[in-house]
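If you want the building blocks of each chain, they are given just below.
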Amino acid sequence: MKKLMILFLLASTLSCTSQKNTVAAVPPTKYIKTITEADLKKHLYIVASDEMEGRETGSVGQKKAGDYLINHYKTNIIPFPKGATDYYQRIPAAYLNTKKNENLPDSENIWAYIEGSDKPNEIIVISAHYDHVGVKNSEVYNGADDDGSGTVALLEIAKAFELAKKEGHGPKRSILFLHVTGEEHGLHGSRFYSENPLFPLANTITDINIDMIGRRDEFHKDSNNYVYLIGSDYLSSDLYKICEDANKNYINLFIDYKFNDRTDPNRFYYRSDHYNFAKNGIPSVFLFNGVHADYHKPTDEVEKIEFDALTKRTQLAFAIAWELANRENRPVVDKSGN
């Protein structure tokens with residue numbers, strides 16, 4: 001009887017270990033496929049509609065867009081983060097106007113959260129700015145690409161992770177979905193979060209920032225099957241490899257490092273929200289399609305979005321996040337960032 005009990009316990013242990021290993025080894029393929037052109041299009045036609053009045057920082061239109069984001073998270077039962085009282089990180093006008101007084105009103109970052117199973121105190125931030133430049137001379141600047149595209153990408157990535165969690169394959173690390181405000185006026189929302197983090201920056205292992213991923217630029221006139229990655233190797237050789245492997249294994253975009261060059265005169269590395277994480281020593285990567293003729297013009301409309309490209313780039317961001325969330329070790333910080 002004693003021998004039988006020992007054999008039973010051994011078998012149970014092996015079974016549990018096998019189960020754990022199986023869960024850990026689940027590839028993201030099924031969940032990548034849940035990120036679809038149809039869903040991205042549905043969201044973007046709302047987020048970048050005239051009703052949102054160009055989503056100027058702190059405006060009524062931006063708050064309407066924020067309501068839409070929050071309702072999506074509620075519908076998909078994706079909560080606000082632990083330690084927060086709701087889906088808003090409120091930013092007072094005094095802070096937004098400190099560096100350059102533009103008479104901006106109070107505004108809000110919006111956040112949602114999926115808690116990790118094994119290492120819940122280690123946080124991956126996936127960020128995108130949901131503000132744009134509002135209405136000028138009675139023309140609405142809808143910012144479908146900038147950054148409606150990144151905004152709706154976060155919605156789809158969060159939904160995919162939540163589905164995985166429901167099916168027993170939730171992330172081992174926690175994920176904070178952070179829609180930041182005030183980017184167009186100087187990266188204010190991400191700066192505010194970095195100075196007032198809900199989770200310690202020391203526990204924040206990476207920021208994946210998505211800003212303009214729905215179009216193509218003049219350097220890729222013949223194909224939209226590319227993405228610019230910026231910053232992945234500035235602080236961490238691990239993060240660079242994770243991005244490369246995620247693309248090679250699941251997506252197969254051409255990764256263009258043109259703007260990753262430290263001597264690039266555009267200085268895009270310093271011009272989007274990942275920078276407020278990177279400057280604090282957090283490995284960060286910025287997904288980007290480059291600028292185009294409609295950049296910061298009222299013609300940046302949903303009708304010009306290339307949804308096949310938007311879908312593949314969103315799927316790549318998800319695949320990168322999946323690896324970061326489930327790998328054994330957080331990415332090493334083995335470079336200076338300069």
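Keep in mind it's a predicted model, so treat the numbers as computed, not measured.

Asker: Explanation requested: the overall build of the chain in the structure shown.
Answerer: Secondary structure summary: the chain contains ten helices and ten strands in total. The principal-axis extents of the C-alpha atoms in the chain amount to approximately 85 × 45 × 40 Å. Sorting the 338 residues of the chain into buried and exposed places 57% on the buried side. Here the chain displays about 14,500 Å² of accessible surface, and carbon together with sulfur accounts for 53% of that area. Side-chain charges of the chain comprise 40 positive and 47 negative groups, with the mean position of each set lying 7 Å from the other.

Asker: Would you mind showing me how to read the side chain of Ser149 here?
Answerer: Mapped onto the fold, Ser149 is located in helix H6 (residues 144-166). Among the polar contacts listed, one links the side chain of Ser149 to the backbone nitrogen of Ile213, at a separation of 3.0 Å. Setting aside residues up to four positions removed in sequence, Ser149 forms contacts with Leu44, Ala144, Met212, Ile213, Gly214 and Leu310.

Asker: Explain empty space enclosed by the protein here, please?
Answerer: To find leftover empty space, a probe the size of one water molecule is rolled over the atoms. In this structure the tally under the stated criterion is one cavity of 30 Å³ or more. A volume near 60 Å³ is recorded for the largest cavity. Lining the largest cavity, in full, are Tyr234, Phe259, Asp261, Arg262, Asp264, Arg267, Phe268, Tyr269 and Tyr270. Each residue belonging to the lining of the largest cavity can be placed in one class, and the counts come to five nonpolar, no polar and four charged.

Asker: Hey, could you run me through the pattern of salt bridges in this one?
Answerer: Two side chains bearing opposite charge may form a pair once their charged atoms approach each other closely. Under the definition given, this model contains 13 salt bridges. A salt bridge links Lys82 to Glu115; its shortest N-O distance comes to 3.0 Å. Linking Lys82 in the loop between helix H4 (60-75) and strand S1 (88-91) with Glu115 in the loop between strand S2 (107-114) and strand S3 (119-129), this pair joins segments that are 33 residues apart in sequence. When its relative accessible area of 27% is taken as the criterion, Glu115 is described as partly exposed.

Asker: Just to check I follow, could you spell out the environment of Gly182 for this structure?
Answerer: Looking at the element boundaries, Gly182 is found in the loop between strand S6 (173-180) and helix H7 (188-195). Not counting residues up to four positions away in its chain, the partners in contact with Gly182 are Thr57, Asp131, Leu187, His188 and Gly189.

Asker: Looking at this structure, I do not really get the sheet that holds S2. What am I missing?
Answerer: Hydrogen bonding along the main chain pairs the strands of a sheet, whether they run parallel or antiparallel. Reading across the sheet, the eight strands line up as S1-S2-S6-S3-S7-S10-S8-S9 and stay open at both edges, with mixed pairing between neighbours. Edge positions in the sheet fall to S1 and strand S9 (254-256), since each of these pairs with one other strand and no more. If you compare each strand with its neighbour and ignore which way they point, the axes differ by 25 degrees on average. Helix H10 (residues 307-326) contacts S3, S6, strand S7 (204-210), strand S8 (226-230) and strand S10 (284-288) of the sheet and is inclined by roughly 180 degrees relative to S7.

Asker: Looking at this structure, how should I read the packing of H6 against H10?
Answerer: For any two helices packed against each other, the geometry is given by the interaxial angle and the distance between the axes. Orientation of H6 relative to H10, taken along the N-to-C sense of each, is 50 degrees, at an axis distance of 10 Å. Here H10 runs oblique to H6, going by the angle between their axes. Of the two elements, H6 crosses H10, and the hand of that crossing is right-handed. Every residue of H10 that contacts H6 at Ser149, Val152, Ala153, Glu156, Ile157, Ala160, Phe161 and Ala164 is listed here: Leu310, Thr314, Ala317, Phe318, Ala321 and Trp322. Looking at the contact of H6 with H10, its residues break down into eleven nonpolar, two polar and one charged.

Conventions adopted
- Residues numbered from 1 in each chain as written.
- Predicted model: local features only at pLDDT ≥ 70, side-chain atom pairs only at ≥ 80, totals over all residues.
- Heavy atoms only, no water.
- Helix = DSSP H or I, 4+ residues; strand = E, 2+ residues; numbered from the N terminus.
- Buried < 20%, exposed > 50% of the residue type's maximum accessible area, 1.4 Å probe, protein only.
- Areas by Shrake-Rupley, 256 points an atom, 1.4 Å probe, with all protein chains shown as cover.
- Lys, Arg positive; Asp, Glu negative; His and termini not counted.
- Charge placed at Lys NZ, Arg CZ, Asp CG, Glu CD.
- Polar contact = N/O pair within 3.5 Å; in protein donor to acceptor, adjacent residues only side chain to side chain.
- Contact = heavy atoms within 4.5 Å.
- 1 Å grid on protein atoms, 1.4 Å probe; cavity = no way out; pocket = protein on both sides within 12 Å on 5 of 7 lines; lining within 4 Å.
- Points joined across faces, edges and corners; volume = space filled by probe spheres on them.
- Nonpolar A, V, L, I, M, F, W, Y, C, P; charged D, E, K, R; others polar.
- Salt bridge = Lys/Arg side-chain N within 4 Å of Asp/Glu carboxyl O.
- Pairing = 2+ DSSP bridges.
- Axes fitted to C-alpha atoms, helices over the stretch in contact; angles between N-to-C directions.
- Parallel < 35°, antiparallel > 145°, perpendicular 65-115°, else oblique.
- Left-handed = near helix turned anticlockwise from the far one by under 90°.

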